[in-house]
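# Reading the structure
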Amino acid sequence: MLAPDSLARQLDPAAELERLRRIASELGGRERVERQHARGFLTARERLDLLLDPGSEIEFGRLVHSGIPGEEERTLGDGRLVGFGAIDGRPVAYGASDATIKGASGGAGASRRGAAFERIVAASALPVFGLYQGGGARITDVLSSKFTGFFGAGLGRRLAFPRRGAHFVAVLGNYYAPWNVADADVAIMTRASNASISSPPVVEEATGKKTTPFELGGPEVHARLTGQIDAVVDDDAAACAYLRRAFGYLPANPWEDAPVARTGDPPDRVEPRLRSLVPDDPAWGFDVTRVIELVVDAGSFLEWKPEFGRNLVCGLARLDGHSIAVIANQPRHLAGSMDVAASIKIRRMLDACVAFRLPLVSFIDVPGVLPTPDQEHQRLLAHIYGLAVDRLRAHVPKISVFLRKAYGYALWGMSGADPEWYSFAWPSAQIAFMGPEPGVRVAWRRQWEAAPDPDAFLARHAAELREAARPWAAAERAYIDDVIDPAATRPILARALRIARARLAATRPS
């Protein structure tokens, strides 16, 4: 015989549906929601309200539960909400960790629903937004040989059938086994969050060493040391706002064009301040972000990884309303030299260019590759070689502007003098294998040391080399396309990018 409550549900299915929806809307219950708020975090639903356009959400698998006997109704959603919605009217998919249920750990119910959800997303080539906070796999579900299939199927699908849409990730609390961060096109985290493969208890069990979540993978670690995060923001609201802004620069998938956003900044704007911004003395530093900001559309530069590899600046911007990727040597740090961190950032931007079919614009002021034992011990050779391979394989427009120094291999690492695209130089540019003074000391060491006045010998020959390194010889031989007035950089790049977009359109994936 049916229990009275079961009989009532059969007799009034509408009331049962309303009851389950109410339970689902309460997430893990009022007490756990309040605990989430007390930690300074929003709930999954509150985060989605900030991310998505109002009224656009369609939840998927809302009533799935953990499958744990006796806990079915208390675990609706099984620690993760997934579904569809819109951002600025553009369709998207989402996944949001619900930390009020089992700490947002991944369970079997969420895994089964996730497989169906991923198939829909892949078939639609939708961009996916992940708002993550949680403890990785649910230990109670994986402490058996069933673990072999828990991740294997999903990972196999991802590797065999790579996602087709863009992937945006925000880490919004403790996040362990953060595979989505490594897979993301844009990855950010809040100052109160952390992301690492293992948790402190697992580390202590394996090594005996006590540590904290922030020592393993806090924002300082990923912003300064690993470079795995593109930006660190203050809180959940700032994270959702950042993801919405970043999405505005990018297409949903490789078959679409990036959105065009006219800012009112005329493409033919001439900027006289650029003529005096770069010091004549190559040993003097300056802030290259000022060059970027004066050339691109006003207020459009969105910098990535500002604390990692500070000798290179990178990010997204708009020029004439169209999205571009930007790299630039930063003379304020390590004289703008090329090192392991800089090569990682450049390769990061090349990946974004290929994924989203964006032009790459580079501003070059680089004294060469940083030749230190520490850099060599960090596999500098492998990183620089990998950068060369990625650069050649990236069949996207690469437009370069030589501002000042352009020495050695670093010139090509910055995508300068690409014969297939456009290279421009300011009159202040110095292009050579190495700087004039080091060049004299290396090439004429014996003569320099034996000279009656070594300083005069060095100055005379360095002046000759400096004159030879000016951009005129490279322009005469068509190694660069033109020497331009710095003030005209913006209109010249705008015209070059129009041609670049036409070439990109001819290579659109079928």
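Predicted model only: the values in this text are computed from it and were never measured.

### Digging into the confidence of the model for the protein
Chain-level pLDDT for the protein is 85 on average; 83% of the residues reach the 70-or-more range. For the protein, per-element mean pLDDT is lowest for helix 7 (residues 147–150), which scores 51, and highest for helix 14 (residues 288–295), which scores 98.

### Observations concerning helix 12 (residues 219–226)
Given 3.6 residues per helical turn, the α-helix brings residues three or four places apart onto the same face. Those residues of helix 12 not exposed but buried are Pro219, Val221, His222 and Ala223. Those residues of helix 12 that are buried are in contact with strand 6 (186–190), strand 7 (194–196), helix 11 (213–217) and strand 8 (231–233). At the exit of helix 12 stands Gly227, carrying a positive phi of roughly 70°.

### Some details on the packing of helix 4 (residues 44–51) against helix 13 (residues 236–247)
Their axes nearest at 9 Å, the elements helix 4 and helix 13 cross at an angle of 40°. As the angle between them shows, helix 4 and helix 13 are arranged oblique. Helix-helix and strand crossings are classified by hand; for helix 4 and helix 13 the assignment is right-handed. Across from Arg47, Leu50 and Leu51 in helix 4, the residues of helix 13 making contact are Asp236, Ala237, Cys240, Leu243 and Arg244. Here the contact of helix 4 with helix 13 is composed, by residue class, of five nonpolar, no polar and three charged.

### Section: the nonpolar core
Ranked by size, the top nonpolar core spans 64 residues in total, and within it Phe168, Ile188, Tyr242, Trp304, Met338 and Phe402 carry the most contacts. Per-element tally for this core: the top contributor is helix 15 (residues 340–356), with eight residues. Setting aside its immediate chain neighbours within four residues, Phe168 contacts Pro127, Val128, Phe129, Gly130, Val186, Leu243, Ala246, Phe247 and Leu250. In terms of nonpolar packing, the next biggest core, distinct from the first, is built from 30 residues, Val278, Val295, Phe363 and Ile484 among them.

### Brief notes about the pattern of salt bridges
Scanning all chains against the criterion turns up 30 salt bridges. We note a salt bridge from Asp234 to Arg191, for which the minimum N-O separation is 2.9 Å. Residue Asp234 is found in the loop between strand 8 and helix 13, and its partner Arg191 is found in the loop between strand 6 and strand 7; the two are separated by 43 residues along the sequence. What makes Arg191 partly exposed here is its relative accessible area of 48%. Between Asp230 and Arg348 there is a salt bridge; the shortest N-O distance is 2.7 Å. Of this pair, Asp230 sits in the loop between helix 12 and strand 8 while Arg348 sits in helix 15, and the two are 118 residues apart along the sequence. Grouping residues by exposure puts Asp230 and Arg348 together as buried. The network of salt bridges with shared partners includes Asp265, Arg269, Glu271, Arg273, Asp297 and Arg490.

### Observations concerning unusual backbone geometry
A positive phi is found at Ala417, a non-glycine position, where the angle reads about 55°. Relative to the helices and strands, Ala417 resides in the loop between helix 18 (410–413) and strand 14 (422–425). In this structure, Ala478 takes a positive phi of about 65° despite not being glycine. Assignment of secondary structure puts Ala478 in the loop between helix 22 (472–476) and strand 16 (482–483).

### Description of the pairing of strand 11 (residues 322–329)
In terms of residue burial, strand 11 counts as a mostly covered element, since eight of its eight residues are buried. What you see with strand 11 is no split at all: His322, Ile324, Val326 and Ala328 on one side and Ser323, Ala325, Ile327 and Asn329 on the other are buried throughout. Looking at chain direction, strand 10 (residues 312–319) and strand 11 are connected through eight bridges and run antiparallel. Bridging across to strand 11, Gly315 finds its partner in Val326. The hairpin turn running from strand 10 into strand 11, its antiparallel successor, is two residues long, and Asp320 in that turn takes a positive phi close to 60°.

### Observations concerning the pairing of strand 5 (residues 167–176)
Of all the ten residues making up strand 5, nine are buried; the element is thus mostly covered by neighbouring parts of the structure. Direction of pairing for strand 5 relative to strand 6: parallel, over a ladder of four bridges. Within the sheet, the bridge partner assigned to Phe168 lies in strand 6 and is Val186.

### Description of the packing of aromatic side chains
Within this structure, the stated rule accounts for six aromatic pairs. With 5.5 Å between their ring centres and 80° between their planes, Phe168 and Phe247 make a pair best called edge-to-face. Here Phe168, found in strand 5, pairs with Phe247, found in helix 13; they are 79 residues apart in sequence, far enough to count as distant. As far as burial versus exposure is concerned, Phe168 and Phe247 are alike and both buried.

### A closer look at the packing of helix 15 against helix 17 (residues 380–393)
At a minimum axis separation of 9 Å, helix 15 and helix 17 run at an interaxial angle of 20°. Between helix 15 and helix 17, the angle is such that the two are roughly parallel. Note on packing geometry: the crossing formed by helix 15 with helix 17 is left-handed. In this structure, helix 15 contributes Val340, Ser343, Ile344, Ile346, Arg347 and Leu350 to the contact, and helix 17 contributes Leu380, His383, Ile384, Gly386, Leu387, Asp390 and Arg391. Per-class residue counts for the contact of helix 15 with helix 17 are seven nonpolar, three polar and three charged.

### Structural notes on the side chain of Thr489
Positionally, Thr489 belongs in helix 23 (residues 489–505). Owing to a relative accessible area of 1%, Thr489 belongs among the buried residues under this scheme. The residues touching Thr489, leaving out its near neighbours within four places in the chain, are Leu274, Val295, Val401, Trp426 and Ile484.

About the cut-offs
Residues numbered from 1 in each chain as written. Predicted model: local features only at pLDDT ≥ 70, side-chain atom pairs only at ≥ 80, totals over all residues. Heavy atoms only, no water. pLDDT = per-residue confidence, 0-100. Helix = DSSP H or I, 4+ residues; strand = E, 2+ residues; numbered from the N terminus. Buried < 20%, exposed > 50% of the residue type's maximum accessible area, 1.4 Å probe, protein only. Contact = heavy atoms within 4.5 Å. Axes fitted to C-alpha atoms, helices over the stretch in contact; angles between N-to-C directions. Parallel < 35°, antiparallel > 145°, perpendicular 65-115°, else oblique. Left-handed = near helix turned anticlockwise from the far one by under 90°. Nonpolar A, V, L, I, M, F, W, Y, C, P; charged D, E, K, R; others polar. Core = buried A, V, L, I, M, F, W, Y, C linked by side-chain atoms within 4.5 Å. Salt bridge = Lys/Arg side-chain N within 4 Å of Asp/Glu carboxyl O. Pairing = 2+ DSSP bridges. Phe/Tyr/Trp six-rings, centres within 6.5 Å; stacked < 30°, edge-to-face > 60°.

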